[in-house]
Amino acid sequence: MIRLTDVRIDADSEELLLGAVRSGRLSQGPLVERLEREFAPLCGCEHVIAVSNGTVALVAALQALGVGAGDEVLTSPFTFVATVNAAIQLGASVRFADIRDDDFGLDPGSVRARISAKTQVVIAVHLYGQPCDLAGVQSAAQQVGAALVEDAAQAHGACYGGRRAGSFGALATFSLYATKNLMAGEGGLITTNDGELARKARLIRNQGMASPYEYEIVGSNYRLTELQAAIAVPQVGRLEAANERRRANADRLTAGLVGLPGVVSPRELPGRRHVWHQYTVRITEDARLDRDVLRMKLAERGVETGVFYPRAIYDYPLYRDHPLVAVEPMPTAERVAREVVSLPVHPYLEAADVDRITSAMRDLLDA
Ligand SMILES: *Cc1c(COP(=O)(O)O)cnc(C)c1O
């Protein structure tokens, strides 16, 4: 079976991990600091705050901006549910804008149509590893004085206009979940170039304490452990090379799928650097097989696939009926949720694996 993800821990991580275990220093310490310092150039930010996962990274980023009950957060309905849960957890209401079907991120036109003076924060999600239309989304947010937060959980190392994803928002967040491009098993990073927001995020991470038992704000425990940092630190230096392997696999997939009816391959848009967290094609009505049948037949041929994500967030009864969630139809998000399939693109794939994937696709879909 060619798996959608392949998680490997290298020998240098094992060694750092064993060192951490033997040091007796298990909670946030020097390895967490090293992770923060070494990731900074990869997100173009002066300040990096490591936390226990990407979801609480979002919660802390929103909290640092003062988001709470009565505030409104505008985001994409085509994202991992954590983006929305973080806002709801703070008591904020959530409104959605539609997406584009080429980068799967927020459509600036739809953002402009739905944003209002009530909108405190716009969360831009860089889905699958490609930054969304940051210039368009940022200017829409600026028009109403809303802050921009980037959910860069899937976009470690990506670029937009030559600048790193993570450096555009007032704050940005990354996930270090086991299958992300940079991972610690569980973990997250908050990034910012604003010293005051960085200070707040650090306070929130550690019970609001500026110094031991001096409480400045109501915080929480979002600390990362040294064990998790030990796993992640050696990968930081290899991130660019791993992302390049993903890119080579993506290019080979695209070449192998060219001209296949009903298959729209993902494209790196001009001025952007895609880091291929997922290689996601759209299966349109012109395809010989329905998306879900195709997935079943690919699995029979030893190719694992994924659907990220099968429905727009507001399309689940839980969120549809939630008092904090505004439900408006988003035609592009709904269509794309029916069309997307992610094919394996991870850095451990060999060219022969990629060729097996594209041959299986051609066998099943060539007219
Ligand atoms: C993974 C992910 C998150 C949440 O990160 P966790 O570390 O799993 O909490 C948030 N947003 C997006 C888009 C993600 O892919």
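Here's what I pulled together on the structure shown here. (Residues numbered from 1 in each chain as written. Predicted model: local features only at pLDDT ≥ 70, side-chain atom pairs only at ≥ 80, totals over all residues. Heavy atoms only, no water.)

Further remarks concern the sheet that holds strand 6 (residues 159-160). Strand order in the open sheet formed by three strands is 7-6-13, with antiparallel pairing between adjacent strands. On the outer flanks of this sheet lie strand 7 (163-164) and strand 13 (272-273), each paired with one strand and no other. Relative to strand 13, strand 6 runs antiparallel, the two being bridged by two bridges. Across the sheet, the residue bridging to Tyr160 is Arg272, located in strand 13. (Pairing = 2+ DSSP bridges. Helix = DSSP H or I, 4+ residues; strand = E, 2+ residues; numbered from the N terminus.)

Another aspect to go through is the environment of Pro261. Along the chain, Pro261 falls in the loop between helix 9 (239-257) and strand 12 (263-264). In this structure, the C-alpha to C-alpha distance between Pro261 and Ala326, residues 65 residues apart in sequence, is 37 Å.

If you add up the space inside the largest pocket, you get close to 450 Å³. Lining the largest pocket are 26 residues, and of these Phe80, Gln154, Tyr177, Lys180 and Tyr309 lie nearest its centre. Looking at the lining of the largest pocket, the element that brings in the most residues is helix 3 (residues 54-64), giving three residues. When the residues that make up the lining of the largest pocket are grouped by side-chain class, the tally is eleven nonpolar, twelve polar and three charged. (1 Å grid on protein atoms, 1.4 Å probe; cavity = no way out; pocket = protein on both sides within 12 Å on 5 of 7 lines; lining within 4 Å. Points joined across faces, edges and corners; volume = space filled by probe spheres on them. Nonpolar A, V, L, I, M, F, W, Y, C, P; charged D, E, K, R; others polar.)

Here we come to the site of the ligand. What surrounds the ligand is a group of 16 residues, the closest being Gly54, Thr55, Asp151, Ser175 and Lys180. Asn53 is positioned such that a nitrogen or oxygen atom in its side chain is 3.5 Å from an oxygen atom of the ligand. Residue Ser175 places a side-chain N or O atom 2.6 Å away from an oxygen atom belonging to the ligand. Taken by itself the ligand offers 380 Å² of open surface, and the protein chains cover 93% of this. At a threshold of 2 Å from the grid points, most atoms of the ligand map onto the largest pocket. Going through the elements one at a time, helix 3 and helix 4 (82-89) are the ones with two or more residues in the shell around the ligand. Of the residues that constitute the shell around the ligand, the class distribution is six nonpolar, eight polar and two charged. (Near = heavy atom within 4 Å. Polar contact = N/O pair within 3.5 Å; in protein donor to acceptor, adjacent residues only side chain to side chain. Areas by Shrake-Rupley, 256 points an atom, 1.4 Å probe, with all protein chains shown as cover. Sits in = over half its atoms within 2 Å of the grid points.)

Quick look at the sheet that holds strand 15 (residues 340-343) now. Strand pairing in a sheet relies on backbone hydrogen bonds, with the paired strands running either antiparallel or parallel. Judged by pairing direction, the sheet is antiparallel, and its three strands sit side by side in the order 12-14-15 without closing on themselves. The outermost strands of the open sheet, each flanked by one partner alone, are strand 12 and strand 15. Across the sheet, helix 9 touches strand 14 (279-283) and strand 15, and the angle it forms with strand 14 is around 25 degrees. Against the sheet, helix 10 (residues 291-300) engages strand 14 and strand 15, with an angle of about 20 degrees to strand 15. (Contact = heavy atoms within 4.5 Å. Axes fitted to C-alpha atoms, helices over the stretch in contact; angles between N-to-C directions.)

Moving on to the pattern of salt bridges. Once the charged atoms of two side chains with opposite charge are near each other, the side chains can pair. On inspection of all chains with the given rule, the structure shows 28 salt bridges. Arg272 is paired through a salt bridge with Asp103; the nearest N and O atoms lie 2.7 Å apart. Here Arg272, found in strand 13, pairs with Asp103, found in the loop between strand 3 (93-96) and helix 5 (108-114); they are 169 residues apart in sequence, far enough to count as distant. For the residue pair Arg272 and Asp103, the accessibility class agrees, reading buried in each case. (Salt bridge = Lys/Arg side-chain N within 4 Å of Asp/Glu carboxyl O. Buried < 20%, exposed > 50% of the residue type's maximum accessible area, 1.4 Å probe, protein only.)

What follows covers the environment of Val281. Locating Val281 in the fold gives a position in strand 14. Along the sequence, Val281 and Ser265 sit 16 residues apart, while their C-alpha atoms lie 4.7 Å from each other. Discounting chain neighbours no more than four positions away, the residues touching Val281 are Leu257, Val263, Val264, Ser265, Pro266, Glu339, Val340, Val341 and Leu343.

Helical geometry: 3.6 residues make up each α-helical turn, so side chains three or four residues apart lie on a common side. Here helix 1 (residues 11-23) contains 13 residues, and its C-alpha end-to-end distance of 18 Å stays within 8% of the 18 Å for a straight helix at 1.5 Å per residue. In the stretch just after helix 1, Gly24 is the one whose phi turns positive, near 80 degrees. (Expected span 1.5 Å × (residues − 1).)

Counted at 1.5 Å a residue, the expected span for helix 13 (residues 351-365) with its 15 residues is 21 Å, and the 21 Å between its end C-alpha atoms agrees. Three or more residues of helix 13 are buried, namely Val354, Ile357, Thr358, Ala360, Met361, Leu364 and Leu365. The arc enclosing the buried residues of helix 13, seen along the axis, measures out at 155 degrees, which places them on a common side. The exposed residues of helix 13 that point more than 90 degrees off its buried face are Ala352 and Asp363. Those residues of helix 13 that are buried lie in contact with helix 9, strand 12, strand 14, helix 10 and strand 15. (Arc of directions from axis to C-beta.)

Buried together is how nonpolar side chains tend to be arranged in soluble globular proteins. With 49 residues, the main nonpolar core has Leu62, Phe78, Phe96, Val121 and Ile190 as its most contacted residues. When contributions to this core are tallied by element, the ones reaching two or more residues are strand 1 (47-51), helix 3, helix 4, strand 3, strand 4 (119-125), strand 5 (147-151), helix 7 (195-205) and helix 12 (331-339). The dominant element in this core, judged by the number of residues it contributes, is helix 3, at eight residues. With near-sequence residues (within four places) excluded, Leu62 lies in contact with Val67, Ala86, Ala87, Leu90, Val121, Ile123 and Val149. Core analysis: the second largest hydrophobic core is formed by 28 residues, Phe39, Cys43, Ala158 and Leu239 among them. (Core = buried A, V, L, I, M, F, W, Y, C linked by side-chain atoms within 4.5 Å.)

For the rest of this paragraph, the subject is unusual backbone geometry. Look at the link from Phe308 to Tyr309: it is a cis peptide, with omega at 10 degrees. On the secondary structure map, Tyr309 appears in the loop between helix 10 and helix 11 (317-320). In this structure, Tyr128 takes a positive phi of about 70 degrees despite not being glycine. Secondary-structure assignment places Tyr128 in the loop between strand 4 and helix 6 (134-143). In this structure, Gln207 takes a positive phi of about 60 degrees despite not being glycine. Along the polypeptide, Gln207 turns up in the loop between helix 7 and strand 10 (209-211).

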